[in-house]
Amino acid sequence: VAVSPALYALLLGLGLAIFALLRFPLFQAIAEDFLDESFFPEILRQSPSYSRGWRMINLGWAGLFIFKAALLFSGYTAFDDARIRFLHTLMGWPFLAFLVVMSIWFIRAYWHGKKLWMR
């Protein structure tokens, strides 16, 4: 089914938005599970900016996945098969790699700007 990648992106985007709006940033839980507790300094974890930064990451991913879904849904009727395949490729692993790199850069810059992260 050709619509499944667009539907998957839409559902993922909506799920991430719901987690962020419920004040349970999914990426915060993942980072805290995979990294040692001492990785995030106590002063950072006690700050309201800690969870706020993670929520902004979640909302950013949600918005970009919803945008991806809209682009893919509109592309099914507007583009030929070769362009759709190119769009799928571009919005696959390169898109995820971009999101990961930008998330790491953003969260460090955000906390550094708040004088909470000095690494």
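Quick summary incoming for the structure in this document. The structure displayed is predicted, hence computed values, not measured ones. (Residues numbered from 1 in each chain as written. Predicted model: local features only at pLDDT ≥ 70, side-chain atom pairs only at ≥ 80, totals over all residues. Heavy atoms only, no water.)

### Examining the packing of helix H1 (residues 4–21) against helix H4 (residues 48–78)
To keep it simple, the criterion reads: In this analysis, axes come from line fits to C-alpha atoms, helices being fitted only over the stretch in contact, and the angle between any two N-to-C directions falls in the range 0 to 180 degrees. Each helix corresponds to a stretch of at least 4 residues labelled H or I by DSSP, and each strand to a stretch of at least 2 residues labelled E; elements are numbered beginning at the N terminus. Relative orientations are named as follows: roughly parallel for angles under 35 degrees, roughly antiparallel for angles over 145 degrees, roughly perpendicular for angles from 65 to 115 degrees, and oblique for any other angle. By definition, any crossing whose near helix is turned counterclockwise from its far helix by less than a right angle is left-handed, and any crossing with a clockwise turn is right-handed.
Contact geometry of H1 with H4 gives a least axis separation of 7 Å together with a crossing angle of 155°. Classed by the angle they form, the pair H1 and H4 counts as roughly antiparallel. Both H1 and H4 take part in a crossing whose hand is left-handed.

### A word on the nonpolar core
One recurring pattern in soluble globular proteins is that nonpolar side chains are buried together. Here is the rule we go by: Here, the term nonpolar core denotes a set of buried Ala, Val, Leu, Ile, Met, Phe, Trp, Tyr and Cys residues that are joined through side-chain atoms within 4.5 Å. The buried label goes to any residue with under 20% of its type's maximum accessible area, the exposed label to any with over 50%, and the partly exposed label to all in between, with areas taken from a 1.4 Å probe on protein chains only. Contact definition: two residues touch when any of their heavy atoms are within 4.5 Å.
Among the nonpolar cores identified, the biggest contains 25 residues, and Phe 40, Leu 44, Trp 54, Trp 61, Phe 65 and Trp 111 are the most heavily contacted of them. When contributions to this core are tallied by element, the ones reaching two or more residues are H1, helix H2 (26–34), H4 and helix H6 (93–113). Looking at this core element by element, the count peaks at 8 residues for H4. If we skip the residues at most four places from it in the chain, Trp 54 touches Pro 25, Phe 27, Gln 28, Ala 31, Phe 40, Ile 107 and Trp 111.

### Some words on the packing of aromatic side chains
Keep this limit in mind: Pairing of aromatic side chains requires ring centres within 6.5 Å, counting the rings of Phe and Tyr and the six-membered ring of Trp. Pairs whose planes differ by under 30 degrees are stacked, by over 60 edge-to-face, and all others tilted.
For the coordinates displayed, the defined rule picks out 12 aromatic pairs. Ring centres 5.2 Å apart and planes at 90° place the aromatic pair Phe 39 and Phe 40 in the edge-to-face group. Residue Phe 40 is classed as buried on the basis of its relative accessible area, which comes to 4%. Residues Phe 40 and Tyr 50 carry aromatic rings whose centres are separated by 5.7 Å and whose planes lie at 65° to one another, so their mutual orientation is edge-to-face. Of this pair, Phe 40 sits in the loop between H2 and helix H3 (42–45) while Tyr 50 sits in helix H4; the two residues are 10 residues apart in sequence, bridging distant segments of the chain. Comparing Phe 40 with Tyr 50, the two get one shared label, buried. Taken together, Phe 39, Phe 40, Tyr 50, Trp 54 and Trp 111 form an aromatic cluster joined through their ring pairs.

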